Amino acid sequence: MTSAKARALSGIQPTHDSFHLGNVLGAINQWVALQESHDAFYCVVDLHALTVEVEPALLRKRSLVSFAQLIALGIDPQKSTLFMQSHVPAHNQLGWVMECLTGFGEAGRMTQFKDKSAKNGTDRTVVGLFTYPMLQAADILLYQPQYVPVGEDQRQHIELTRDLSQRFNARFGETFIVPEGYILKSGAKINDLQEPTAKMSKSSASQAGVIEILDTPESNMKKFKSAMTDAGREVKFDEKEKPGISNLLSIHSAISGTSIDAIVSEFDGKGYGDFKGAVGEVVVEYLKPIRARTLELLEDSGELTRLMKAGAEKANAVASETIAKTYEAMGLIARG
Ligand code: TRP
């Protein structure tokens, strides 16, 4: 069962039809590595996805696809606890507790909330977006993890989680482990193929620069062949002068494990066209089995349901213990 390994927890939203290469090389591959050395909990945060407009059929599909992709990418349900957030009611229970611990002004200072609500206006901003960070704090604190592997953009949410856990412990007695962000370093910072100075992102204006792992090999190959390159013709790593080529070098290196220097010498004297084709080849070959495994899992809904259920059971066992402890510490009467 659970060993003396440090615990890690992270979550990903099921808001898109496919993960993209930036998710994989930037975060998920590191989740896969962490499950070897840590007692890892990973969840598809479907409740958080309710803060954007909900299309039921789409949410259902994307939740299943997200879960299947995590397995196809190497999250092993035997090693990690992989589950759907909505399958563990304690997330909502602890979320409420966290809301009652957070100041209104404090929540209003969260930059992601400020940005999104400023963009859409307060009437089109749901309260769930405001309380999103408190639900995220609950996701984390329920499992008492030491580490939360996330991208740089989550730093403020992790800070809030740390503050809330310390606040709770100070008021009601030691209950939560104060987790640390394990900010995933740019070992693989993957940029958009068409706009190579911007992060590859699900929300980028055009999909032409985003490599989706479930897209067909042909379509992905095409995106590589038409990737934006830079002035000059030499394949060389120089993020300032050659952001396009440098991004392609990073992608190749992250997948092939070949050093950037070695790739550069391999393409010495060859043109951008050859290079783009070669990077496309490396990526497409890498994604083929991942895509195939995802599609295979999606065909087998019985297996997916079974895996989800097993994950939810493991997660519930831990979470219900934490929620009982939390309620007790706050003076709520146990049901008995
Ligand atoms: N807010 C995170 C994101 O957008 C997703 C998330 C929700 C999460 N709950 C979490 C990440 C708990 C880590 C831990 O990426």
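Residues numbered from 1 in each chain as written. Predicted model: local features only at pLDDT ≥ 70, side-chain atom pairs only at ≥ 80, totals over all residues. Heavy atoms only, no water.

This paragraph deals with the overall build of the protein. Secondary structure assignment for the protein yields 12 helices and 5 strands. Taken along its principal axes, the extent of the C-alpha atoms in the protein is 75 × 45 × 40 Å. Counting the 336 residues in the protein, one finds 49% classified as buried. Sequence-distant contacts, at least 24 apart, represent 75% of the contacts inside the protein between residues at least 6 apart. Working note: accessible area of the protein is about 16300 Å², and carbon and sulfur atoms make up 52% of it. Put simply, the protein has 36 plus and 41 minus side-chain charges, and the middle of one group is 1 Å from the middle of the other. (Helix = DSSP H or I, 4+ residues; strand = E, 2+ residues; numbered from the N terminus. Buried < 20%, exposed > 50% of the residue type's maximum accessible area, 1.4 Å probe, protein only. Contact = heavy atoms within 4.5 Å. Areas by Shrake-Rupley, 256 points an atom, 1.4 Å probe, with all protein chains shown as cover. Lys, Arg positive; Asp, Glu negative; His and termini not counted. Charge placed at Lys NZ, Arg CZ, Asp CG, Glu CD.)

Between the first and last C-alpha of helix 11 (residues 272-299) there are 39 Å, a value that for 28 residues agrees with the 40 Å anticipated at 1.5 Å per step. When we look at burial in helix 11, the residues that qualify are Tyr-272, Phe-275, Lys-276, Gly-277, Val-279, Gly-280, Val-283, Val-284, Leu-287, Ile-290, Thr-294 and Leu-297. Here the buried face of helix 11 lies against helix 1 (21-37), helix 2 (56-72), helix 8 (217-225), helix 9 (243-256), helix 10 (260-266) and helix 12 (301-330). (Expected span 1.5 Å × (residues − 1).)

This next bit is on the pairing of strand 3 (residues 81-84). Residue alternation in strand 3 divides its side chains into two sets, Thr-81 and Phe-83 and Leu-82 and Met-84, and both sets are buried. Of the pairings in the sheet, the one linking strand 2 (residues 39-44) to strand 3 comprises 4 bridges and is parallel in character. Bridging across to strand 3, Phe-41 finds its partner in Thr-81. After leaving strand 2, the chain enters helix 2 and then returns to the sheet as strand 3, a path that is right-handed. (Pairing = 2+ DSSP bridges. Right-handed = clockwise from strand over helix to strand, strands pointing away.)

This brings us to the site of the ligand. Residues in close proximity to the ligand total 13 residues, the closest being Gly-11, Tyr-132, Gln-136, Asp-139 and Gln-154. In the environment of the ligand, a nitrogen atom lies 2.8 Å from a nitrogen or oxygen atom belonging to the side chain of Tyr-132. Between the ligand and Gln-154, the relevant distance is 3.0 Å, taken from a nitrogen atom to a side-chain nitrogen or oxygen of the residue. Alone, the ligand offers 370 Å² of accessible surface; in the complex the protein occludes 88% of this. For the shell around the ligand, the secondary structure elements donating two or more residues are strand 1 (7-12), helix 6 (127-141) and strand 4 (147-150). Among the elements that line the shell around the ligand, the one with the most residues is helix 6, at 4 residues. (Near = heavy atom within 4 Å. Polar contact = N/O pair within 3.5 Å; in protein donor to acceptor, adjacent residues only side chain to side chain.)

Let us now look at the packing of helix 6 against helix 7 (residues 155-172). Describing two packed helices takes the angle between their axes plus the distance from one axis to the other. For the pair helix 6 and helix 7, the least separation of the axes is 9 Å and the interaxial angle reads 65°. Put simply, helix 6 runs roughly perpendicular to helix 7. Seen from above, helix 6 lies across helix 7 with right-handed handedness. Here Tyr-132, Pro-133, Met-134, Gln-136, Ala-137, Ile-140 and Leu-141 of helix 6 lie close against helix 7, whose contacting residues are His-157, Ile-158, Leu-160, Thr-161, Leu-164 and Ser-165. Class assignment for the residues of the contact of helix 6 with helix 7 results in 9 nonpolar, 4 polar and no charged. (Axes fitted to C-alpha atoms, helices over the stretch in contact; angles between N-to-C directions. Parallel < 35°, antiparallel > 145°, perpendicular 65-115°, else oblique. Left-handed = near helix turned anticlockwise from the far one by under 90°. Nonpolar A, V, L, I, M, F, W, Y, C, P; charged D, E, K, R; others polar.)

For the protein, the assigned domains are domain 1 (7-188 + 301-330) and domain 2 (217-294). Facing 10 residues of domain 1, the contacting portion of domain 2 comprises 10 residues. Overall, the association of domain 1 and domain 2 removes approximately 720 Å² of surface from exposure, summing both partners, and the carbon and sulfur fraction of that is 80%. Looking only at domain 1, the three residues that lose the most surface to domain 2 are Leu-21, Leu-25 and Ala-72, adding up to 57% of its buried area. Summed over the shared surface of domain 1 and domain 2, the result is 1 residue pair in polar contact (both at pLDDT 80 or more). Considering only residue class, the side of domain 1 that touches domain 2 consists of 8 nonpolar, 2 polar and no charged. (Domains from an automatic or database assignment. Buried area = accessible area lost by both parts, 1.4 Å probe.)

This next bit is on unusual backbone geometry. Positive phi, close to 50°, is recorded for Gln-144, a residue that is not glycine. In this fold, Gln-144 is placed in the loop between helix 6 and strand 4. A residue is classified by how much of its surface remains accessible, and Gln-144, at 14% relative accessible area, is buried.

Before going further, it helps to spend a moment on the side chain of Arg-62. Inspection of the secondary structure puts Arg-62 in helix 2. Setting aside anything within four residues of it in sequence, one finds Arg-62 in contact with Pro-14, Thr-15, His-16 and Asp-17.

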